[in-house]
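What follows is the residue order along each chain.
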There are 4 protein chains.
Amino acid sequence: MIIYVDEQAEPKQLETLKEWLNGIGVEVHSLKGENGTILGLLGETQNVDVEMIQSLDFVRKVVKVKEPYKSSNRQFHPNDTIIEIGEAKLGGGHFAAIAGPCSVESTEQICGIAKAVKEAGATMLRGGAFKPRTSPYSFQGLRSKGIELLLQAKQITGMSIVSEIMDIASIDVFEHVDVIQIGARNMQNFELLKELGRTDKVILLKRGLANTLKEFLMSAEYIMASGNEKVILCERGIRTFETATRNTLDISAIPMLKKMSHLPVIVDPSHAAGRAELVRPLALAAVAAGADGIMVEVHNDPERALCDGPQSIKPDDFKSLMGEIEKIRSVLF
Amino acid sequence: MIIYVDEQAEPKQLETLKEWLNGIGVEVHSLKGENGTILGLLGETQNVDVEMIQSLDFVRKVVKVKEPYKSSNRQFHPNDTIIEIGEAKLGGGHFAAIAGPCSVESTEQICGIAKAVKEAGATMLRGGAFKPRTSPYSFQGLRSKGIELLLQAKQITGMSIVSEIMDIASIDVFEHVDVIQIGARNMQNFELLKELGRTDKVILLKRGLANTLKEFLMSAEYIMASGNEKVILCERGIRTFETATRNTLDISAIPMLKKMSHLPVIVDPSHAAGRAELVRPLALAAVAAGADGIMVEVHNDPERALCDGPQSIKPDDFKSLMGEIEKIRSVLF
Amino acid sequence: MIIYVDEQAEPKQLETLKEWLNGIGVEVHSLKGENGTILGLLGETQNVDVEMIQSLDFVRKVVKVKEPYKSSNRQFHPNDTIIEIGEAKLGGGHFAAIAGPCSVESTEQICGIAKAVKEAGATMLRGGAFKPRTSPYSFQGLRSKGIELLLQAKQITGMSIVSEIMDIASIDVFEHVDVIQIGARNMQNFELLKELGRTDKVILLKRGLANTLKEFLMSAEYIMASGNEKVILCERGIRTFETATRNTLDISAIPMLKKMSHLPVIVDPSHAAGRAELVRPLALAAVAAGADGIMVEVHNDPERALCDGPQSIKPDDFKSLMGEIEKIRSVLF
Amino acid sequence: MIIYVDEQAEPKQLETLKEWLNGIGVEVHSLKGENGTILGLLGETQNVDVEMIQSLDFVRKVVKVKEPYKSSNRQFHPNDTIIEIGEAKLGGGHFAAIAGPCSVESTEQICGIAKAVKEAGATMLRGGAFKPRTSPYSFQGLRSKGIELLLQAKQITGMSIVSEIMDIASIDVFEHVDVIQIGARNMQNFELLKELGRTDKVILLKRGLANTLKEFLMSAEYIMASGNEKVILCERGIRTFETATRNTLDISAIPMLKKMSHLPVIVDPSHAAGRAELVRPLALAAVAAGADGIMVEVHNDPERALCDGPQSIKPDDFKSLMGEIEKIRSVLF
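Residues numbered from 1 in each chain as written. Chains lettered and ligands numbered in written order. Predicted model: local features only at pLDDT ≥ 70, side-chain atom pairs only at ≥ 80, totals over all residues. Heavy atoms only, no water.

**Some words on the overall build of chain A**
In terms of regular secondary structure, chain A is built from ten helices and 14 strands. Taken along the three principal axes of its C-alpha coordinates, chain A extends 80 × 45 × 40 Å. Expressed as a percentage of contacts within chain A between residues at least 6 apart in sequence, the contacts between residues at least 24 apart total 67%. Surface exposure of chain A reaches about 11,900 Å², of which carbon and sulfur atoms provide 47%. Side chains of chain A give 38 positive and 44 negative charges; the mean places of these two sets differ by 2 Å. (Helix = DSSP H or I, 4+ residues; strand = E, 2+ residues; numbered from the N terminus. Contact = heavy atoms within 4.5 Å. Areas by Shrake-Rupley, 256 points an atom, 1.4 Å probe, with all protein chains shown as cover. Lys, Arg positive; Asp, Glu negative; His and termini not counted. Charge placed at Lys NZ, Arg CZ, Asp CG, Glu CD.)

Put into structure tokens, the structure is as follows:
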């Protein structure tokens, strides 16, 4: 860590600061310049609260050199993490496509879609049972019953399943779920992160709507610090001033996350844009930018399309998308 | 609700849409224009999923006329809600100042600050026991022990206390806490909102970093729909591109929220800016804009200031701030 | 246009509004509902100021149905616009790569890079002569001299050239420049847009850092309304809260703009990210998402790399990127 | 400036960097740590391109210690700048209220409003003659004719006048205008800034919709570096994700700008919110936060209110607002 101290700083102030730093195990080296003094900090710098130092009158800048994330940091784990889920693999050159309906509704619906997306090339089945809804008056999902239906679809198709958890109390319900998803709104629900860190489930962590990549990795760090290193990062769009799309897919997040971390990175083009017609171009862009997988909403029943989400595509569209992804991957990677 | 349909829409498509709407209890009136048709929807329009309708090829626009929040909507409750907490009142012309340290650390610390801020004019004591931290390696608060210390300070000073909850599992610990705070990161932790809606505690709900005012009220709605109408709204800064301040205090949120809702609105200038020197101007601005209260971080021990948060002010600063607030309120309201 | 009027509106108010609307050539149809009245407006609705109507006490919502952009609107021009620049074509299935240095520095530099990028597959040469710099103390470009050097490179290589203009006064200097670029900071410099609309140059219009797609098209509209329809739209990243990258490339803007407009859309991955290592993944993503071209910064002299921009790549990297783009385009389009 | 170099950096790389820095007049001091080396740069550090250094593989961080703005920097000019405009003064404890219509329409209109706002306590008259409009199809202002009408109102009332300029070509038209306004969209129209820096007019510079405070001061710097030090900074709202208000007034910008710079800071509550009902609370908040002035849109003719902007208030509202501002200033300052 580096602290830049004003030229107006009094020697006594500097002395007090150095003593305090020494007291918490930090060694301080000074370098006197024209307009101030540079303090180079070595040792137990993780004990130093940057914001607190920054708040001192005579301090102009504090710069943290070490990244605050460790377990997820590529610097300390140069090789890509490869996560195995049933027969699927993710990361390190392995690509996975997760597909399924927004909400689980009935045995027929989930099993129908499961078969369709499996046939189209999906490696895992997604489906919402516990639904985070902005309004308390909206449908909140089939909850435990929805998980049961997903497990039926798993049994029939052999696909691994992915579903979102909303609170610690329902962890037991997810006992046979292969991948537990943490939604964007819960990315900084730290108690939930810690608890899931104590399980041996694969965790699919979605980026919060207004969270930086650094904060995203710090949330992965919560899970990993509790003992569970099987974390998949999922970019799903951030909130910006633009209103033409529901969110703005941060495509740069893919190469940036892969540079910062060894964890696999997937993209959810359905929620990013909120429009079915954008799923294809965004999914292709994600693959070209190096994503390790995609998660796509697919609905089953063209006759009932009226009741499916605006961001869902049909099984046929998904199948043709999988074909195009295959082609891009074959020429690029 | 109004649906604007394209001129290219086929009569059959329009017919299907109308039938489907009738089926869910919605009456449809058409108005034919040059470039399309306007459908006016009456009846059970809350059953209509706007995004789904919007996704239909032949629909150009869907406009929801009724606001989705009800219990918190001023339209249905024209009078300001006044919340009583011990001897303090908030809303409807009653102003409250909540003050205290970032984290509860020890009996001496919390009781010392409690006396100081009470003497300076604070009506409630705040203190963090369960601390949401971006990093798993940062101090997570004294947790239950911190609540105990707050209760000691309450007993000694008679002040009502405010503290943040982080998950449902610790609700019991908050039995004697007067006001339970839901932090910005948990504003859309819907399970927590529902559970707190089943208690009879006053809830201080902070706006999420990237949440609109409408979403903010929808979260209040979760609490109120579960039966608890004692909700205080707290603006604490939103995330923008500006980096000179930690967050951007959305001062317009005060008059807007008071127009949209009857609930009391307070402001937290300490977290908004992240700099002690901005607490005073932002607190005064909030009062002038019509806030029903402020929540301010105050630290106690000038000698140990090094260890307090960068956004905390000293008891003396808080006292002089309270004097200025009193003056503004006496000339304006 | 649709106006939704409150149930509390007095008949006299409604009558006055209708008369005023009739007076400006607008026909009004009413539809009475439970909680208010829907007014459908037909005729010269472009005369109606939405914000003004919205500000009336008794109006709850105003919805504009027609898009405000006309010349650039795909609805009225279903076919892709194809722009010809020398031997290059852009749009309607034609892809163009524009490459060159951040700033034009010398004959050797610009001619050297020109040959290198031409050999690598670039169809046009870019180079900054007039440089918009945040600081008045930074290098402002070689200005007219820089344009001369670009013209030399054009003569030698036969490549069409692209360079940025900063004010009306220098239009004469751009007489032989093939494509005039309007930078992000000038996207709403309306006087400049109008003046360039009176020329017969191809205009490369960059999206402003905080401008919506609708505003972007309205700026294209300024150029087109003045008579010049040869406009290329360029997405180059928007400003968000994320600081890991300089800007956030809005990849969804590509399919959205192509849906809204018939104009060609290109992407500048160099400025979007501000990091050389991101140029390749972002360029590939742009191509996969359907961009009609890319504009990339390439520097020439590896020994002097220290002095080139952080977002520039070397000719070799550009060549291999062009190979990958070719592959993606061959399998996708 | 401080450069933090990776431990993996090779000695030769470090040596090359140091030599290059020495070559441009920069002295380099090293400090070896565990995980890397800190380089402290002294001397002509303004010659160093931060982004370029940052782009080097072996560099982890570059930190600029000196602020890039000089003439506008409070560090070098501790006293508030006081700007005199006719009989009005702004800054250093002097408060000014600028009021007038959105657009100048006729002699009657502008002279009528001028008298009304003067009587209500305004010290200057504003009025738009050249209007920046998002759409080329919207009214573009009376242009030169509008300036003539403003000058008539000036002659009659003796008030100084403020009006927006849109390009260099019309500078002559502003010969007798007291304060030339640069709109938000032109904040980084550097050629215009430089040209106005060569005049002796007072310049009212509005903050761009998505510009940081640092960029705002750099634009003031463009004017000052060209010789004109009479710059007034105007906060008018920034673009964020929130859609309830047109823009988000950045109230913290007031104390922050006053800390960073000695220039006067005013606030435009009318454009920030885009709603007449928010003008009063935002103006009061601005005053309480320490603004040196406000600029407010006032319309004259209640009967024609339908045609005035949604953000304009009536003369009576303005008068009562001026009374409240006076009260706040009397108790606070």
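**Notes on the relation of the copies chain B and chain D**
Once turned by 180° and shifted 0.0 Å along the axis, chain B lies on chain D with an RMSD of 0.1 Å. The superposition of one copy onto the other is thereby described by a two-fold rotation axis. In terms of C-alpha distance to the rotation axis, chain B has Ala285(B) as its closest residue, with the C-alpha 2.0 Å off the axis. (Least-squares fit on C-alpha atoms with pLDDT ≥ 70 in both.)

**Thoughts on the sheet that holds strand β13 (residues 265-267) of chain B**
Residue and element names in this part refer to chain B. In space, the eight strands of this closed barrel follow the order β7-β8-β9-β10-β11-β12-β13-β14, with parallel pairing throughout. Neighbour to neighbour, the strand axes of the sheet diverge by 25° on average, direction disregarded. Across four bridges, the pairing between strand β9 (residues 160-165) and strand β10 (residues 179-182) is parallel. Across the sheet, the residue bridging to Ile-165 is Ile-182, located in β10. Against the sheet, helix α6 (residues 213-225) contacts β10, β11 (202-206) and β12 (231-235), and its axis sits at roughly 160° relative to β12. Running over the sheet, helix α7 (residues 253-260) touches β12 and β13 and is turned about 165° from β13. (Pairing = 2+ DSSP bridges. Axes fitted to C-alpha atoms, helices over the stretch in contact; angles between N-to-C directions.)

**A few points about the domain arrangement of chain A**
According to the domain assignment, chain A consists of domain 1 (2-63) and domain 2 (83-332). On a C-alpha basis, the centroid separation for the pair domain 1 of chain A and domain 2 of chain A is 45 Å. (Domains from an automatic or database assignment.)

**Details of the pairing of strand β11 (residues 202-206) of chain D**
All names here are of chain D. The buried count for β11 comes to five of five residues, which makes it a mostly enclosed element. Relative to β11, strand β10 (residues 179-182) runs parallel, the two being bridged by four bridges. Counted as the bridge partner of Val-179 is Val-202 from β11. After leaving β10, the chain enters helix α5 (residues 190-197) and then returns to the sheet as β11, a path that is right-handed. Alignment of β11 against strand β12 (residues 231-235), held across four bridges, turns out to be parallel. Within β12, the residue paired with Ile-203 across the bridge is Val-231. In this region the chain leaves β11, passes through helix α6 (residues 213-225) and returns to the parallel neighbour β12; the handedness of that crossover is right-handed. (Buried < 20%, exposed > 50% of the residue type's maximum accessible area, 1.4 Å probe, protein only. Right-handed = clockwise from strand over helix to strand, strands pointing away.)

**Structural notes on the environment of Met256(D)**
Looking at the secondary structure, you find Met256(D) in helix α7 (residues 253-260). Between the alpha carbons of Met256(D) and Leu213(D) there is a distance of 8.2 Å; along the sequence they are 43 residues apart.

**Some remarks on the interface of chain B and chain A**
Contact residues are listed per partner, giving 41 residues for chain B and 40 residues for chain A. For the pair chain B and chain A, the two sides together bury roughly 3,800 Å², of which 57% comes from carbon and sulfur. Between the two partners, chain B and chain A, sit four salt bridges. Glu215(A) serves as the salt-bridge partner of Arg239(B), at 2.6 Å between the closest nitrogen and oxygen. Within the residue set of the side of chain B that touches chain A, elements represented by two or more residues are α2 (50-54), α5 (190-197) and α6 of chain B. Of the residues contributing to the side of chain B that touches chain A, the split by class is 17 nonpolar, eleven polar and 13 charged. (Buried area = accessible area lost by both parts, 1.4 Å probe. Salt bridge = Lys/Arg side-chain N within 4 Å of Asp/Glu carboxyl O. Nonpolar A, V, L, I, M, F, W, Y, C, P; charged D, E, K, R; others polar.)

**Observations concerning the interface of chain B and chain D**
Between chain B and chain D, the residue contacts involve 35 residues of the former and 35 residues of the latter. Taken together, both faces of the contact between chain B and chain D bury some 3,000 Å²; the carbon and sulfur share is 72%. At the boundary of chain B and chain D, one finds four salt bridges. The partner of Glu277(B) in a salt bridge is Lys259(D), and the shortest N-O contact between them spans 2.7 Å. Here the side of chain B that touches chain D gets seven residues from one element, more than from any other, and that element is helix α9 (residues 276-288) of chain B. The class makeup of the residues in the side of chain B that touches chain D is 20 nonpolar, six polar and nine charged.

**Looking at the pairing of strand β7 (residues 96-100) of chain C**
Residue and element names in this part refer to chain C. By the criterion of burial, β7 is predominantly enclosed, with five of the five residues buried. Here β7 shows two buried faces, one formed by Ala-96, Ile-98 and Gly-100 and the other by Ala-97 and Ala-99. Where β7 meets strand β14 (residues 293-297), five bridges bridge the pair, whose relative direction is parallel. Bridging from a neighbouring strand, Gly-100 pairs with Glu-297 of β14. Where β7 lies against strand β8 (residues 124-126), two bridges are found, and the strand directions are parallel. Note that in β8 the partner of Ala-99 across the bridge is Leu-125. Traced from β7 through helix α3 (residues 107-120) to β8, the parallel crossover comes out right-handed.

**Observations concerning the nonpolar core**
If you look at the biggest cluster of nonpolar residues, it comprises 316 residues, and the most contacted ones within it are Phe318(A), Phe318(B), Phe318(C) and Phe318(D). When sequence neighbours within four positions are dropped, the list of residues in contact with Phe318(C) reads Ala97(C), Ala99(C), Val117(C), Ala120(C), Ala122(C), Val296(C), Val298(C) and Ile313(C). (Core = buried A, V, L, I, M, F, W, Y, C linked by side-chain atoms within 4.5 Å.)

**A closer look at the side chain of Thr157(A)**
Residue and element names in this part refer to chain A. Relative to the assigned elements, Thr-157 resides in helix α4 (residues 144-157). A polar contact of 3.2 Å, which involves the side chain of Thr-157, links it to the backbone nitrogen of Met-159. Leave out the neighbours within four places in its chain, and Thr-157 touches Ala-114, Lys-115 and Lys-118. (Polar contact = N/O pair within 3.5 Å; in protein donor to acceptor, adjacent residues only side chain to side chain.)

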